[in-house]
Amino acid sequence: MYFWDNLANAKYWKEQKKRKTNNRKPLSIVCSNIYIDNFLYLTDIDNCYIIEKLWENYCNMMKKSYEYYKNVELGGKLNILFHSKVTREYFSKYNVIKVIGNYPYTQLSPLFYYDVNNKKPQPTLSAKCIYTIKNSNCIFNKKLVEE
């Protein structure tokens, strides 16, 4: 289950899903709150190194080639690591995963300008917080968004 930090991002995601599935799947947006205890912050480079090292160790323990499996997408790695008997205990403490996604085709903001050639920090709408809920018990105050 994916969560977005604002309604505009959720609507964008829904429209993309509808387009990609030719509108065959019923999709809804639900507004809710989540308890933020036990976050796995993949916005922290140290955590990224730890997870990649755990992935490498998992591949070695399973007698799989790390070189072959190192290019598995993040979601695939996390699904395996969260459910594997070998790493499940480490990951069981996390209820929510937070990651930043880059959406380069995001509409430009009328409020500020973003220059891709600028090497200084600057505001952008193309970076989106994505939350993946691993334990539904941390979700509360759910309500369907009327569109």
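Residues numbered from 1 in each chain as written. Predicted model: local features only at pLDDT ≥ 70, side-chain atom pairs only at ≥ 80, totals over all residues. Heavy atoms only, no water.

Peer 1: Is there a simple way to think about the environment of Gly-101 in this case?
Peer 2: Mapping Gly-101 onto the fold places it in strand E4 (residues 96-102). Taking the relative accessible area as the measure of exposure, Gly-101 reaches 13% and is therefore buried. As for Gly-101 and Lys-64, which are separated by 37 residues in sequence, their C-alpha atoms are 28 Å apart. With sequence-adjacent residues up to four places away left out, Gly-101 is seen in contact with Ser-126, Ala-127, Lys-128 and Ile-130. (Helix = DSSP H or I, 4+ residues; strand = E, 2+ residues; numbered from the N terminus. Buried < 20%, exposed > 50% of the residue type's maximum accessible area, 1.4 Å probe, protein only. Contact = heavy atoms within 4.5 Å.)

Peer 1: What should I look at first to understand the sheet that holds strand E3 (residues 39-41) in this one?
Peer 2: Strand pairing in a sheet is mediated by backbone hydrogen bonds. Such pairs are either parallel or antiparallel. Taking strand neighbours across the sheet as the criterion, the 4 strands line up as E1-E5-E4-E3 in an open arrangement whose pairing is mixed. The open sheet has two free edges, formed respectively by strand E1 (2-4) and E3, since each of these has just one partner strand. Going across the sheet, the axis of each strand differs from the next one's by a mean of 30 degrees, ignoring polarity. When E4 meets strand E5 (residues 127-133), the two strands line up antiparallel, connected through 7 bridges. Residue Val-96 lies in a different strand from E5, and its bridge partner there is Ile-133. (Pairing = 2+ DSSP bridges. Axes fitted to C-alpha atoms, helices over the stretch in contact; angles between N-to-C directions.)

Peer 1: Is there a simple way to think about the packing of helix H2 (residues 45-61) against helix H4 (residues 74-83) in this case?
Peer 2: To describe two helices that pack against each other, one gives the angle between their axes and the distance between the axes. For the pair H2 and H4, the least separation of the axes is 11 Å and the interaxial angle reads 70 degrees. One finds that H2 runs roughly perpendicular with respect to H4. Judged by the twist between their axes, the crossing of H2 over H4 is left-handed. Of H4, the residues touching H2 (which contributes Ile-51, Glu-52, Leu-54, Trp-55 and Tyr-58) are Lys-77, Leu-78, Ile-80 and Leu-81. When grouped by side-chain class, the residues that make up the contact of H2 with H4 number 7 nonpolar, no polar and 2 charged. (Parallel < 35°, antiparallel > 145°, perpendicular 65-115°, else oblique. Left-handed = near helix turned anticlockwise from the far one by under 90°. Nonpolar A, V, L, I, M, F, W, Y, C, P; charged D, E, K, R; others polar.)

Peer 1: Quick question: what am I supposed to make of the packing of aromatic side chains here?
Peer 2: Aromatic ring pairs are described here by two measures, namely the spacing of the ring centres and the angle between the planes. As enumerated under the stated definition, the model contains 10 aromatic pairs in all. Geometrically, the ring pair formed by Phe-91 and Tyr-94 is tilted, given 6.5 Å between the ring centres and 55 degrees between the ring planes. Linked through ring pairs, Phe-82, Tyr-90, Phe-91 and Tyr-94 together constitute an aromatic cluster. Of note, Lys-134 hangs over the ring of Phe-82, and the distance from its end group to the ring centre comes to 4.7 Å. (Phe/Tyr/Trp six-rings, centres within 6.5 Å; stacked < 30°, edge-to-face > 60°. Lys NZ or Arg CZ within 6 Å of the ring centre and 35° of its normal.)

Peer 1: Can you walk me through the side chain of Gln-122 in this structure?
Peer 2: In this structure, Gln-122 sits in the loop between E4 and E5. Those residues in contact with Gln-122, other than ones at most four positions away along the chain, are Tyr-113, Tyr-114 and Asp-115.

Peer 1: Looking at this model, I keep getting lost on unusual backbone geometry. Mind explaining?
Peer 2: Negative phi characterises most residues that are not glycine, and trans characterises most peptide bonds. Notably, Asn-38 is not glycine yet its phi reads approximately 60 degrees, a positive angle. With respect to the secondary-structure elements, Asn-38 resides in the loop between strand E2 (30-34) and E3. By relative accessible area, which is 42% here, Asn-38 ends up partly exposed. Located in the positive-phi region is Asn-141, a residue other than glycine, with phi close to 55 degrees. Tracing the backbone shows Asn-141 in strand E6 (residues 139-144).

Peer 1: When you look at H2 in this model, what are you seeing that I'm missing?
Peer 2: Compared with an ideal rise of 1.5 Å per residue, which puts 17 residues at 24 Å, H2 spans 24 Å between its outermost C-alpha atoms and is within 8% of the ideal. Put simply, Asp-44 is the residue that caps the front of H2, since its side-chain oxygen is 2.8 Å from the backbone nitrogen of Asp-46. (Expected span 1.5 Å × (residues − 1). Polar contact = N/O pair within 3.5 Å; in protein donor to acceptor, adjacent residues only side chain to side chain.)

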